[in-house]
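Descriptive analysis of the structure
Spelled out from the first residue to the last, the chains are:
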Amino acid sequence: MTGTVSIVIVSHSPEVARGAADMVRQMVGSDVPVAHCGGNPEGGLGTDVGRIKTAIESVWSEKGVAVLVDLGGAETNSEMAIELLGPERGGNVVICNAPIVEGAVMAATEAAGGSDLKTVKATAEDFQS
Amino acid sequence: MADDRLVARLVASTCATIERHAEELTALDQAIGDGDHGTNLKRGFKAIADEAADYGRMDFGSALRKAGMVLVMKVGGASGPLFGSALMDMGKIAAEQPRTSAQAATLLQAAVDAIKKRGKSNIGAKTMLDVLVPVQAAVADSGDIARIRVVADVALEATRPMRATKGRAAFLGERSVGHLDPGARSTTLLVHAVCDVLEGI
């Protein structure tokens, strides 16, 4: 398998999601595909299952996709989006139980080295500030 | 009432009650959540109401699955996948509308299971399950509409002294005590809206 694990950042706030993605790109470079989305279907604070699914698809990688979320609804909606991808593709996407900004940077750093999805997830979740 | 109008009436009744109580739900959510439960559900049920005519032409299971997917895609908060998965899973096992309270109880059990799985939760955590589980039991037990309404109201009130362990309210810990759970309230509203239809109100 070629390429790297991709990163998707899902926040209640479009600005937080974009800012976290900017930080990842600046700190890790552009070798790791990063997508971000935030805001409810009307653009207010919240998350949007359809756009989460689109974000995952936009950086689809055979090596897998690691998703970083902020608060409860972002996690529930991301789980739903992953389910809508179907069992085969959805099985290649994981949500990392990690702080969104630090987790995204750590996950992308690990992914940049070519690590597999399990390792990327573990690295994001091991982060201790 | 012609049976083939049941779906249309359920759509009208549930959408109207959410629209009517959106501000109340948001106020409850401002106390112990992030203050968007009313606006989120209103957006989701408005999207269902916008296509009300379509639902009237669908069979029961298809209508449930469609409404569930609309809530998943439009609500924007955790309640979308929670209510949405409940409707979709009910729709998967309901080829046609339930004719007996035992059949209705089987459907509601699918809703309970879906919400437990999606929310990784159970009763006692100050959530919609604290209303839906006893309501399901009441439907299985007798199917008496008046009793189902009372069971829902009592179960809702019982969420007030509970300490939240799921969702945003869990962050508040002890401070969540003394407030009704917004999800339990919206569930109660929907139970009454369905009861209204069944009683022909």
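In what follows, the accompanying structure is described. As the structure is a computational prediction, the values presented were derived from the model and not from experiment.

**Topic: the overall build of chain B**
Helix and strand counts for chain B stand at nine helices and zero strands. Start at the N end of chain B and walk to the C end: the helices and strands fall as α-α-α-α-α-α-α-α-α. By the compact-globule yardstick of 17 Å for 201 residues, chain B fits well, its C-alpha radius of gyration being 16 Å. On the principal axes, the C-alpha backbone points of chain B span a range of 50 × 35 × 30 Å. Here chain B holds 201 residues, and 53% of them are scored as buried. The contacts in chain B between residues at least 6 apart in sequence include a share of 64% that link residues at least 24 apart.

**Structural notes on the environment of A105 of chain B**
Residue and element names in this part refer to chain B. Along the polypeptide, A105 turns up in helix 6 (residues 101-119). For the pair A105 and Q136, spaced 31 residues apart in sequence, the C-alpha to C-alpha distance is 5.7 Å. Once residues within four sequence positions are removed from consideration, A105 is found in contact with Q136, V139 and A140.

**As for the environment of E15 of chain A**
By secondary structure assignment, the location of E15 of chain A is in helix 1 (residues 14-28). In this structure the C-alpha to C-alpha distance between E15 of chain A and A124 of chain A, which are 109 residues apart in sequence, comes to 21 Å.

**Some points on the packing of helix 1 (residues 6-32) of chain B against helix 9 (residues 182-198) of chain B**
Residue and element names in this part refer to chain B. Here helix 1 crosses helix 9 at 155°, and the two axes come no closer than 9 Å. One element, helix 1, and the other, helix 9, form an angle in the roughly antiparallel class. Once helix 1 is placed against helix 9, the crossing between them reads as right-handed. Counted together, R9, L10, S13, T14, T17, I18, H21, L25, L28 and D29 of helix 1 and P182, R185, S186, L189, L190, H192, A193, V194, D196 and V197 of helix 9 form the full contact between these two elements. Residues that form the contact of helix 1 with helix 9 fall into these classes: ten nonpolar, six polar and four charged.

Basis of the calculations
- Residues numbered from 1 in each chain as written.
- Chains lettered and ligands numbered in written order.
- Predicted model: local features only at pLDDT ≥ 70, side-chain atom pairs only at ≥ 80, totals over all residues.
- Helix = DSSP H or I, 4+ residues; strand = E, 2+ residues; numbered from the N terminus.
- Rg over C-alpha atoms; globule rule 2.2 N^0.38 Å.
- Buried ≥ 20, exposed ≤ 12 C-beta atoms within 10 Å, placed from the backbone.
- Contact = placed C-beta atoms within 7 Å.
- Axes fitted to C-alpha atoms, helices over the stretch in contact; angles between N-to-C directions.
- Parallel < 35°, antiparallel > 145°, perpendicular 65-115°, else oblique.
- Left-handed = near helix turned anticlockwise from the far one by under 90°.
- Nonpolar A, V, L, I, M, F, W, Y, C, P; charged D, E, K, R; others polar.

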